[in-house]
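A closer look at the structure
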Amino acid sequence: MRTYRLRTAALATATAGLALALTACGGSDSAGGPTANPAATKSGDKPVSSGTGTPSGEGASATPSAGKVTGTGTVTVTPAKAGSGGKGTGDTTGDSYAYTHPCSARNLTVKVTSPKGTPATVRVITVTNNGSTSCGLDYFPTVGFSAKGGALGLQATAPGGLGGAPAYPVHPGGTAYAAVDLNPSGGNGPVADEVNVLADKEHMPNADGVSLPLAKPGSVANPKVGLYRTNTRDALSAF
């Protein structure tokens, strides 16, 4: 009987120890250190993107050097300034620049004159560059004629074998001159009271043409136009 009691006591002691161990393990689930709650994390505590990723939105992308990341993680891209591609602009007022930069009609003033001492059938067209850089024109202007607002269907003939890339440079504030002979042969033809001028047909649409009244209307037959030159005298000899 003594042996039985000792074993019973030992078993009771082991059972009590096991219960205490289980109690201690159960307490660690509720009384341990704080557990992070995802729902309780503030959005301001989240790390901000470095800007190297792709912002939300279809096809959107960002380059770190071109934009900055705001506090909300949105990438703001600042477009590069025109002409800031790293290449030097060089001299923009010389002939070389003009040869690769055709004139824009919005920077030009076109006029027609009847200089003293010239034949009655001759007019001189002037094209002035009002821009701040040089620009290039074709070899000659395109010239047509009208009477009372209606086109006569006649166009001045230019020297052959010319055209293509800008060939005549006009510096800022400079003027190109081209002579037009309405009736070099003295033949019979309709009387024109306007000339229709397109300064550069190779690089301008027809909509950029201008209609200029003739101070002295004249008959038009087999008209001719000369090349652009730097002054009236040279223009008259450039047919």
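Let me begin by describing the structure that accompanies this report. (Residues numbered from 1 in each chain as written. Predicted model: local features only at pLDDT ≥ 70, side-chain atom pairs only at ≥ 80, totals over all residues. Heavy atoms only, no water.)

1. Some thoughts on the side chain of N129
Rules: Secondary structure elements follow DSSP: runs of H or I no shorter than four residues count as helices, runs of E no shorter than two count as strands, and numbering proceeds from the N terminus. Identification of polar contacts relies on pairs of N or O atoms within 3.5 Å, with a donor-acceptor requirement for protein atoms, meaning one able to donate a hydrogen and the other able to accept it, and with residues adjacent in sequence counted only if both atoms are side-chain atoms. Contacts are assigned to residue pairs that have any heavy atoms within 4.5 Å of one another.
In this structure, N129 sits in strand 4 (residues 122–129). A distance of 3.4 Å separates a polar atom in the side chain of N129 from the backbone oxygen of H171. Excluding its chain neighbours within four sequence positions, the residues that come into contact with N129 are N107, L108, S134, C135, V170, H171, P172, G173 and G174.

2. A closer look at the state of the cysteines
For clarity, the threshold we go by: Disulfides are defined in this document as cysteine sulfur pairs within 2.5 Å. The buried label applies to any residue whose accessible area, calculated with a 1.4 Å probe on protein chains only, is under 20% of its type's maximum; exposed applies above 50%, and partly exposed to all values in between.
In this structure the tally under the stated criterion is 1 disulfide. The disulfide partner of C103 is C135, and the S-S distance across this bridge is 2.0 Å. Between C103 and C135, the disulfide has an S-S torsion of 80° and is therefore right-handed. On the criterion of sequence distance, the pair formed by C103 in the loop between helix 2 (95–99) and strand 3 (108–113) and C135 in strand 5 (residues 135–137) is long-range, its members being 32 residues apart. Judged on exposure class, the residue C103 and its partner C135 are both buried.

3. What to know about the sheet that holds strand 6 (residues 142–147)
Through backbone hydrogen bonds, the strands of a sheet pair up, either in parallel or in antiparallel fashion. Here is the rule: Any two strands with at least two DSSP bridges between them are considered paired. Axis geometry follows a simple rule: fit a line to the C-alpha atoms, using only the stretch in contact for helices, then measure angles between N-to-C directions, giving values from 0 to 180 degrees.
Taking strand neighbours across the sheet as the criterion, the 4 strands line up as 7-6-10-11 in an open arrangement whose pairing is antiparallel. On the outer flanks of this sheet lie strand 7 (150–155) and strand 11 (210–219), each paired with one strand and no other. The mean inter-strand angle of the sheet, taken between neighbouring strand axes irrespective of direction, is 35°. Alignment of strand 6 against strand 10 (residues 191–198), held across 5 bridges, turns out to be antiparallel. Along strand 10, the bridge assignment pairs F145 with V195.

4. Overview of unusual backbone geometry
Of note in the backbone geometry, K148 takes a positive phi value of approximately 55° without being a glycine. Mapped onto the elements of the fold, K148 is located in the loop between strand 6 and strand 7. Judged by relative accessible area, which is 82%, K148 ranks as exposed. Unusually for a residue other than glycine, N222 sits at a positive phi of about 50°.

5. Points about the sheet that holds strand 9 (residues 175–181)
Strand order in the open sheet formed by 4 strands is 3-4-9-12, with antiparallel pairing between adjacent strands. Lying at the two open borders of the sheet, with one neighbouring strand each, are strand 3 and strand 12 (224–225).

6. Quick notes on the pairing of strand 3
Within a regular beta strand, the side chains point alternately toward one face of the sheet and then the other, so they alternate between its two faces. The alternating pattern of strand 3 places L108, V110 and V112 on a buried face and T109, K111 and T113 on a face that is not buried. Bridging between strand 3 and strand 4 involves 6 bridges; their strand directions are antiparallel. Each residue of the ladder has a partner; that of V110, found in strand 4, is V127.

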